[in-house]
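# What the coordinates show
What follows is each chain in one-letter form.
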Amino acid sequence: MSSTVNSVKLADKNFVQDKEFAKAMHGKSGTAAGGLSSLSAKDKDAASVAIEGYFKHWDGKTDAEAEKSRLEDYSSLTKHYYNLVTDFYEYGWGASFHFCTFYKGEPFRQAIARHEHFLATKIGIKEDMKVLDVGCGVGGPAREIVRFTGCNVTGLNNNDYQVERGNHWAKTNGLGDKLKLVKGDFMQMDFEDATFDAVYAIEATVHAPVLEGVYSEIYRVLKPGGVFGVYEWVMTDDYDETNAEHRQIAYGIEVGDGIPKMYKKEVADKALKNVGFEILYEKDLADNNDAIPWYAPLSGDWKYVQSTADLWTYFRTSGPGRKITTLAVGLLEKFGLAPKDSVKVTEALEEAAVYLVKGGEKKLFTPMMLYVVRKPLN
């Protein structure tokens, strides 16, 4: 039996196990309102397994051996991470798990949507195009892009809970005929060669252990002449891996965001070129000296609130708001309404927010290095 057949059978077996685990952990919360109220619906034993499975990789070590372990277990690490944080993300940020630029007077939700529209426009997505969203989360950006362009989107995700929630919201919003989320590993996609007219990824491919791996799969499933657009998380040219403070900032982002290893911009540049893409456009959208920086919602600085509609969002994502959330989760955990060590998850998210802001302030990190690239016709 060939190694390819063996790997397919192993993937099928793992997918079945993943689905059973997600069902055991999340129960019926996949079609519920979501947010912190979903914590009480989780199976406590299954949640403990996910917490242990995730945090076993994070012991403060940043040496080559520790990084190698996280990179080798990237798939399990990412699945456990999103099993644990999806409800927190939806509560604190909404259905679009990404950052964006802001203009003065622009409400948070409007800025998020504009960021998605900008990507779709730069790629050239048109009505009825067949488009792939790589690492689609619960489908917030995909729903917006389907509405904005009229295209057909397939969302790829390795987390069953997010797939269930995304398909539920697609149907609820009347988009079930234009948008479908499917389970899959973006390092080894199950799509035929040259399947999609366009591909995009929004702050998702950072979870890949090797960028060439995910980029080469995107290249393969994209039609000749097709365009791929990505908002990539990278450390900037100012980042120095040998600088202890710099490495601590990168590690703080990694542990709180489920990332095996943060890479510099030059690594992404080379990876895109190495797999055969032609770079049409590249720009760090975070490097504009904006009056309202991309990390404003995490900063706890109320001067960045743009409208009354932003008040609740900024409260939830600010330092004081995160501390209140941690306290609330602690009470739920104490009374047995939330899984054991749920506070550990909220603390990791809070720590990540602190390091994201530090990385942004020092211009060591960007969550929106935009690349628009084309697969050659020949």
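To be clear, the structure that these remarks concern was listed above.
Anyway, here's the lowdown on the structure attached to this text. Just so it is clear, the structure is predicted and the values come from calculations on it, not from any experiment. (Residues numbered from 1 in each chain as written. Predicted model: local features only at pLDDT ≥ 70, side-chain atom pairs only at ≥ 80, totals over all residues. Heavy atoms only, no water.)

Broken down by element type, the protein carries 14 helices and seven strands. At 20 Å, the protein has a C-alpha radius of gyration in line with the 21 Å of a compact globule built from 378 residues. If you line up the protein on its principal axes, its C-alpha atoms span 60 × 55 × 50 Å. Per-residue burial over the protein gives 57% buried out of 378 residues. Looking at the protein alone, contacts between residues at least 24 apart form 76% of all its contacts between residues at least 6 apart. Surface summary for the protein: the accessible area is close to 16200 Å², and the carbon and sulfur share equals 53%. Both charge centroids of the protein, one from 46 positive and one from 54 negative side chains, sit 3 Å from each other. (Helix = DSSP H or I, 4+ residues; strand = E, 2+ residues; numbered from the N terminus. Rg over C-alpha atoms; globule rule 2.2 N^0.38 Å. Buried < 20%, exposed > 50% of the residue type's maximum accessible area, 1.4 Å probe, protein only. Contact = heavy atoms within 4.5 Å. Areas by Shrake-Rupley, 256 points an atom, 1.4 Å probe, with all protein chains shown as cover. Lys, Arg positive; Asp, Glu negative; His and termini not counted. Charge placed at Lys NZ, Arg CZ, Asp CG, Glu CD.)

Looking now at helix H8 (residues 211-221). For an α-helix, the turn length of 3.6 residues means that residues three or four places apart are oriented alike. Every buried residue of H8 is listed here: Leu211, Gly213, Val214, Tyr215, Glu217, Ile218 and Val221. Contacts made by the buried residues of H8 are with strand E1 (130-134), strand E4 (196-202), strand E5 (222-235) and helix H10 (265-274).

Roughly 320 Å³ of volume is contained in the second largest pocket. Broken down by secondary-structure element, the contributors of at least two residues to the lining of the second largest pocket are helix H14 (342-361) and strand E7 (365-374). A total of three residues in the lining of the second largest pocket trace back to one element, the largest contributor, which is E7. Residue composition of the lining of the second largest pocket, by class: seven nonpolar, four polar and eight charged. (1 Å grid on protein atoms, 1.4 Å probe; cavity = no way out; pocket = protein on both sides within 12 Å on 5 of 7 lines; lining within 4 Å. Points joined across faces, edges and corners; volume = space filled by probe spheres on them. Nonpolar A, V, L, I, M, F, W, Y, C, P; charged D, E, K, R; others polar.)

Burial of the side chains of strand E3 (residues 179-183) is restricted to one face: Leu179, Leu181 and Lys183 are buried, whereas none of Lys180 and Val182 on the reverse face is. One ladder, built from five bridges, connects strand E2 (residues 152-157) with E3; its direction is parallel. Paired with Thr154 across the strands is Lys180, a residue of E3. Crossover connection from E2 via helix H7 (residues 160-172) to parallel E3: handedness right-handed. (Pairing = 2+ DSSP bridges. Right-handed = clockwise from strand over helix to strand, strands pointing away.)

In this model, Asp128 sits at a positive phi of 70°, which is unusual for a non-glycine residue. Along the chain, the position of Asp128 falls in the loop between helix H5 (108-123) and E1. For Asp128, a relative accessible area of 52% translates into the label exposed. A positive phi is found at Asp341, a non-glycine position, where the angle reads about 70°.

A full pass over the atoms with the stated rule returns four cavities of 30 Å³ or more. There is about 880 Å³ of room inside the largest cavity. Every residue lining the largest cavity is counted, 47 residues in all, and those nearest its centre are Tyr81, Tyr82, Tyr89, Phe97 and Asp257. Secondary-structure elements contributing two or more residues to the lining of the largest cavity are helix H4 (74-92), E2, helix H9 (244-257), helix H12 (310-317), helix H13 (319-334) and H14. Of the residues forming the lining of the largest cavity, the biggest block, eight residues, is contributed by H4.

Moving on to the pairing of E2. For E2, the buried fraction is high: five of the six residues fall into the buried class. By the bridge criterion, five bridges tie E1 to E2 in an arrangement that is parallel. Bridge assignment links Val131 to a residue of E2, and that residue is Val153. Considered for its hand, the β-α-β crossover made up of E1, helix H6 (residues 140-149) and E2 is right-handed.

Let's shift gears to the environment of Thr195. Here Thr195 shows up in the loop between E3 and E4. For the pair Thr195 and Glu333, spaced 138 residues apart in the sequence, the C-alpha separation amounts to 46 Å. Among residues more than four places away in sequence, those in contact with Thr195 are Lys130, Val221 and Lys223.

On to the side chain of Thr205. Position of Thr205 among the secondary structure elements: in the loop between E4 and H8. Looking at Thr205, the relative accessible area reads 0%, which means it is buried. Reaching out from Thr205, the side chain makes a polar contact with the side chain of Glu232 at a distance of 2.6 Å. Residue contacts for Thr205: discarding those within four places in its chain leaves Val134, Phe186, Leu211, Val214, Tyr215, Val230 and Glu232. (Polar contact = N/O pair within 3.5 Å; in protein donor to acceptor, adjacent residues only side chain to side chain.)

Looking now at the sheet that holds E5. Taken in spatial order, the seven strands line up as E3-E2-E1-E4-E5-E7-E6 in an open sheet, and their pairing is mixed. In this open sheet, the two edge strands, each paired with only one partner strand, are E3 and strand E6 (278-284). Strand-to-strand twist of the sheet, defined as the mean angle between neighbouring strand axes without regard to direction, takes the value 20°. As judged from the six bridges shared by E4 and E5, these two strands associate in the parallel manner. In the sheet register, Ala201 faces E5, and the bridge partner there is Val230. Seen against the sheet, H5 touches E4, E5, E6 and E7 and runs at an angle of roughly 145° to E5. (Axes fitted to C-alpha atoms, helices over the stretch in contact; angles between N-to-C directions.)

Before going further, it helps to examine the nonpolar core. Counting residues in each nonpolar core, the largest one holds 56 residues, and the members touching the most others are Ile125, Tyr200, Trp233 and Ile253. Setting aside residues up to four positions removed in sequence, Ile125 forms contacts with Ala120, Val131, Ile145, Thr149, Cys151, Ala198 and Tyr200. (Core = buried A, V, L, I, M, F, W, Y, C linked by side-chain atoms within 4.5 Å.)

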